[in-house]
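Per-entry structural report
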Amino acid sequence: MFQPEKEALPIPDLRAQQLRSLQEMVARQAAHVPFYQRQFAAAGLSPDDLRTLVDLRAFPFTRKTDLRDNYPLGLSAVPRHELRRIHASSGTTGKPTVVAYDRNDLDVFSEVVARSLYAGGARPGMTFHNAYGYGLFTGGLGTHGGAERLGLTTVPVSGGGTEKQVQLIQDLEPEVIAVTPSYALVLAEALERAGMGPGDISLRYAVLGAEPWSHKTRLEIEARLGVVATNIYGLSEIIGPGVSNEDAGEQSGSYLWEDHFYPEIVDAETGEVLPDGEWGVLVLSSMTRTAMPVLRYWTGDITRLMPEGGHTGRTMRRMDTIRGRSDDLIILRGVNVYPTQLEAVLLSLGQASPHYHIVLTRTGLMDELTFQVETGSESPALRREIEKQVKAQVGVTVRCELCVPGSLARSEGGKLRRVTDLRGER
Ligand code: DLL
């Protein structure tokens, strides 16, 4: 269900529609959400001040702390009885962030996920193995609603239970799988153990997201599962999965569904809006949401909007892969390092599997990064080569530790934590 009247709208029409949707959202917030009433008053703004898309820049950001401070449902813009679903995103500390949906929002959710899965190669009538976790996490149920909307035979497997997953893939022969990239590798290993190579597996498309992953990991998953893999991006505060997705025939940047989510890229330090093409923090406004519309949400995700159009006929902009999170950044002896950069080094060496973990420690005033890598070898030469390449490609000195296959933590169906920070407060 490619909808040209939406996805290929001429750009001036799309911009006009976005301005209308933003104006309506800000008016709803000013009328119904005390938090936004206070925010607008503090900035000396009223909804009438939003006359052009550029005017949006004067409006304040919404941050994760604002959702926490208004826990659980303080940012809701509709009466409680109109809510149809509540999800929550696990915080690293303290209370989770709670997000709420009314009927309209669930409709928007399934529309953008259906579009995403279609872009990822899924077609009505295909069987769909959904290995995103069901529950408070938006991945499982969110993807489920869109898959049914698209007309897929949906198998709600959820995360974990690897042997059961392998059995269901063998028996139900799904063409499409949705799963985190780290768990896709676990499934590939388990399928290989069950004697199944890419030629024996029915899967053709994998829609992967919820955590950062590199191009090399894409190639590895594609080769081992025999699929075309696309990137799906999203976050609970905006809706869940389905903010953007790559096209399976193009695999170059994820089309951001700009008729529902208005994107800006801003400087991480100053908050100033940057032109398309520049890297910065992605800020999103959930224009068409009614239960909990969020204005200029600071996602913390570092990416860029691609300045050039894609080749699929869609006019909406594409976003690049997430380079890291502004708050996930490791600063090691003054050098900025994203875990995905270390992963890319590892994979550029070819012989290593992409299972790795990063441990940060401190000896005296010196920060140390231990790069634990799973390989089939204990060769000191390989260890030294990895250290040398990290220094050359990323610019930091790290200590590499080779670990035996299977010894590092695997995804248990959800997101995998790649970094253990033992440095404490300075
Ligand atoms: O992870 C929603 C989701 C589910 C997306 C399934 C895709 C597939 P949260 O738990 O709120 O929601 O986490 C959102 O995860 O701000 C990013 O930092 C990260 N993230 C999500 N998708 C990607 C991706 C879901 N494709 C946070 N690449 C976001 C990199 C991603 N990071």
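A few points on the structure. (Residues numbered from 1 in each chain as written. Predicted model: local features only at pLDDT ≥ 70, side-chain atom pairs only at ≥ 80, totals over all residues. Heavy atoms only, no water.)

Focus on the layout of surface pockets
By volume, the second largest pocket is sized at about 390 Å³. Forming the walls of the second largest pocket are 20 residues, and the residues nearest its centre are Trp213, Ser214, His215, Thr321 and Thr340. A per-class count over the lining of the second largest pocket returns five nonpolar, ten polar and five charged. (1 Å grid on protein atoms, 1.4 Å probe; cavity = no way out; pocket = protein on both sides within 12 Å on 5 of 7 lines; lining within 4 Å. Points joined across faces, edges and corners; volume = space filled by probe spheres on them. Nonpolar A, V, L, I, M, F, W, Y, C, P; charged D, E, K, R; others polar.)

Re the pattern of salt bridges
By the definition in use, this model includes 28 salt bridges. Residues Glu111 and Lys6 are paired through a salt bridge, measuring 2.8 Å at the closest nitrogen-oxygen approach. In this pair, Glu111 sits in helix H5 (residues 103-119) while Lys6 sits in helix H1 (residues 4-7), placing the two residues 105 residues apart along the sequence. Exposure remark for Glu111: the relative accessible area of 9% places this residue in the buried category. The salt bridge involving Glu374 is made with Arg410; its shortest N-O contact spans 2.8 Å. Note that Glu374 is positioned in strand S18 (residues 366-374) and Arg410 in the loop between strand S19 (399-403) and strand S20 (419-421), a separation of 36 residues in sequence. (Salt bridge = Lys/Arg side-chain N within 4 Å of Asp/Glu carboxyl O. Helix = DSSP H or I, 4+ residues; strand = E, 2+ residues; numbered from the N terminus. Buried < 20%, exposed > 50% of the residue type's maximum accessible area, 1.4 Å probe, protein only.)

Section: the site of the ligand
In the neighbourhood of the ligand, 20 residues make up the surrounding shell, with Asn231, Ile232, Ser236, Asp301 and Lys415 lying closest. Within the contact set of the ligand, a nitrogen atom lies 3.3 Å away from a backbone nitrogen or oxygen of Glu211. Note that a nitrogen atom of the ligand is positioned 2.7 Å from one of the side-chain N or O atoms of Asn231. Alone, the ligand offers 610 Å² of accessible surface; in the complex the protein occludes 92% of this. Among the secondary structure elements, those contributing two or more residues to the shell around the ligand are helix H6 (138-150), strand S7 (228-235) and strand S8 (240-246). Counting residues per element, the shell around the ligand draws most heavily on S7, at five residues. A breakdown of the residues in the shell around the ligand according to their chemical character gives nine nonpolar, seven polar and four charged. (Near = heavy atom within 4 Å. Polar contact = N/O pair within 3.5 Å; in protein donor to acceptor, adjacent residues only side chain to side chain. Areas by Shrake-Rupley, 256 points an atom, 1.4 Å probe, with all protein chains shown as cover.)

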